[in-house]
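Observations on the three-dimensional arrangement
For reference, the chains in residue letters:
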Amino acid sequence: MKKTNQLTLSAMFFTIGLILPFLIGQIPAVGQMLLPMHIPVLLCGLIVGWKYGLAVGFLLPLMRGVLFGMPVLFPNGIAMAFELGTYGLVVGFLYGHSRWQCVKALYRCLIAAMLAGRLVWGVIRTLLILPGGGAFTWGMFLAGSLLNAIPGIILQLTLIPAIMVALNRAKIVPFHKEPSLRGETGH
């Protein structure tokens, strides 16, 4: 039953990732700034786990590229596949192995995943462009991974914890605290 629930939730997050860019990204510049595919991938990693977050994150941009032509598969879609796969993997692994699952741990895991994903995106982008004689400069990396993404980063750091707190309050995805020998709390 657990495996069925995980697959169902993963399919739901995958579907949201396919559809959400249509709602947010009707103006391409706005869609690129708000990073709509990142949200369901991060939530999938947090709620379903790192394996499913990795799979959904890696396959989502490739499937969107094939079905809808956005993102363009080379080099954007391929680089995004590695980036989003890293988000799902890192956030799911770190949060799943956190001593406490609380808002503080959630922020730590989100920030670590965002940093790791952006670094992977930069490395993959560089590797994809080099054989063609192109260059991926430090300025291009900063613009693509940070400066242009600030609205999306803010949205993720606001919306995802709010969703997780709401799911905790509804007892759908409760936070947990691992008991310690010294009686520490997870807050």
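Residues numbered from 1 in each chain as written. Predicted model: local features only at pLDDT ≥ 70, side-chain atom pairs only at ≥ 80, totals over all residues. Heavy atoms only, no water.

A short note on the overall build of the chain
Looking only at helices and strands, the chain features 8 helices and 0 strands. Listing the helices and strands of the chain from first to last along the sequence gives α-α-α-α-α-α-α-α. The globule rule puts the C-alpha radius of gyration for 187 residues at 16 Å, and the 17 Å found for the chain is close to it. In terms of overall dimensions, the chain has C-alpha extents of about 60 × 30 × 25 Å along its principal axes. (Helix = DSSP H or I, 4+ residues; strand = E, 2+ residues; numbered from the N terminus. Rg over C-alpha atoms; globule rule 2.2 N^0.38 Å.)

Focus: the side chain of T86
Counting through the fold element by element, T86 comes out in helix α5 (residues 73–96). With near-sequence residues (within four places) excluded, T86 lies in contact with A116, G117 and V120. (Contact = heavy atoms within 4.5 Å.)

A few points about the packing of aromatic side chains
Two aromatic rings are characterised by how far apart their centres lie and by the angle between their planes. Counted under the stated rule, the structure contains 3 aromatic pairs. Both rings, one in W50 and one in F93, keep their centres 6.4 Å apart while their planes meet at 75°; by these two values the pair is edge-to-face. One end of the pair, W50, is in helix α4 (residues 50–68); the other, F93, is in helix α5, and 43 residues separate them in sequence. Of note, R64 hangs over the ring of F22, and the distance from its end group to the ring centre comes to 4.8 Å. (Phe/Tyr/Trp six-rings, centres within 6.5 Å; stacked < 30°, edge-to-face > 60°. Lys NZ or Arg CZ within 6 Å of the ring centre and 35° of its normal.)

A few points about the environment of G122
Residue placement: G122 occurs in helix α6 (residues 103–129). Taking the C-alpha atoms as reference, G122 lies 9.6 Å from T137; in sequence the two are 15 residues apart.

Looking at the state of the cysteines
Overall, the coordinates contain 0 disulfides when judged by the stated rule. Between C102, a cysteine without a disulfide, and C109, which holds the nearest cysteine sulfur, the sulfur-to-sulfur distance is 9.1 Å. (Disulfide = S-S within 2.5 Å.)

Focus: helix α1 (residues 2–24)
Its 23 residues give α1 an end-to-end C-alpha distance of 32 Å, which sits within 8% of 33 Å, the value for a rise of 1.5 Å per residue. In the structure, α1 departs most strongly from a straight axis at L18, where the bend amounts to approximately 30° and where the proline P21 lies between one and four residues downstream. Every buried residue belonging to α1 is among Q6, S10, F13, F14, G17, L18, L20 and P21, and all of these are buried. In this structure, the buried residues of α1 make contact with α3 (38–47) and α4. (Expected span 1.5 Å × (residues − 1). Bend = angle between axes of the 7 residues up to and from the residue. Buried < 20%, exposed > 50% of the residue type's maximum accessible area, 1.4 Å probe, protein only.)

Quick look at the packing of α3 against helix α8 (residues 150–169)
At a minimum axis separation of 11 Å, α3 and α8 run at an interaxial angle of 40°. Compared by their axis directions, α3 and α8 come out oblique. Helix-helix and strand crossings are classified by hand; for α3 and α8 the assignment is right-handed. Two secondary-structure elements touch here, α3 through H38, I39, L42, L43, L46 and I47 and α8 through L155, Q156, L159, I160, I163, M164 and L167. Class assignment of the residues belonging to the contact of α3 with α8 gives a composition of 11 nonpolar, 2 polar and no charged. (Axes fitted to C-alpha atoms, helices over the stretch in contact; angles between N-to-C directions. Parallel < 35°, antiparallel > 145°, perpendicular 65-115°, else oblique. Left-handed = near helix turned anticlockwise from the far one by under 90°. Nonpolar A, V, L, I, M, F, W, Y, C, P; charged D, E, K, R; others polar.)

A short note on α4
Compared with the 27 Å implied by 1.5 Å per residue over 19 residues, the 27 Å span of α4 between its first and last C-alpha is a close match. Maximum bend of α4: about 30°, positioned at L60, with proline P61 one to four residues after it. Listing the buried residues of α4 in full gives Y52, G53, V56, G57, L60, P61, R64 and G65. In the core, the buried residues of α4 are packed alongside α1, α3 and α5.

Overview of the confidence of the model for the chain
Summary statistics for the chain give a mean pLDDT of 89 and a share of 91% for residues scoring 70 or more. Element-level mean pLDDT values for the chain span from 74 in helix α7 (residues 138–147) up to 98 in α3. Under a pLDDT of 50 for its full length, residues 180–187 has, in the predicted model, 9 contacts with residues more than four places off or in other chains. (pLDDT = per-residue confidence, 0-100.)

Focus on the layout of surface pockets
Each pocket or cavity is described by its volume, and for the second largest pocket that value is around 230 Å³. If you go around the second largest pocket, you meet 15 residues; those closest to its centre are L46, I47, V48, G49 and Q101. A class-by-class count of the residues in the lining of the second largest pocket yields 9 nonpolar, 6 polar and no charged. (1 Å grid on protein atoms, 1.4 Å probe; cavity = no way out; pocket = protein on both sides within 12 Å on 5 of 7 lines; lining within 4 Å. Points joined across faces, edges and corners; volume = space filled by probe spheres on them.)

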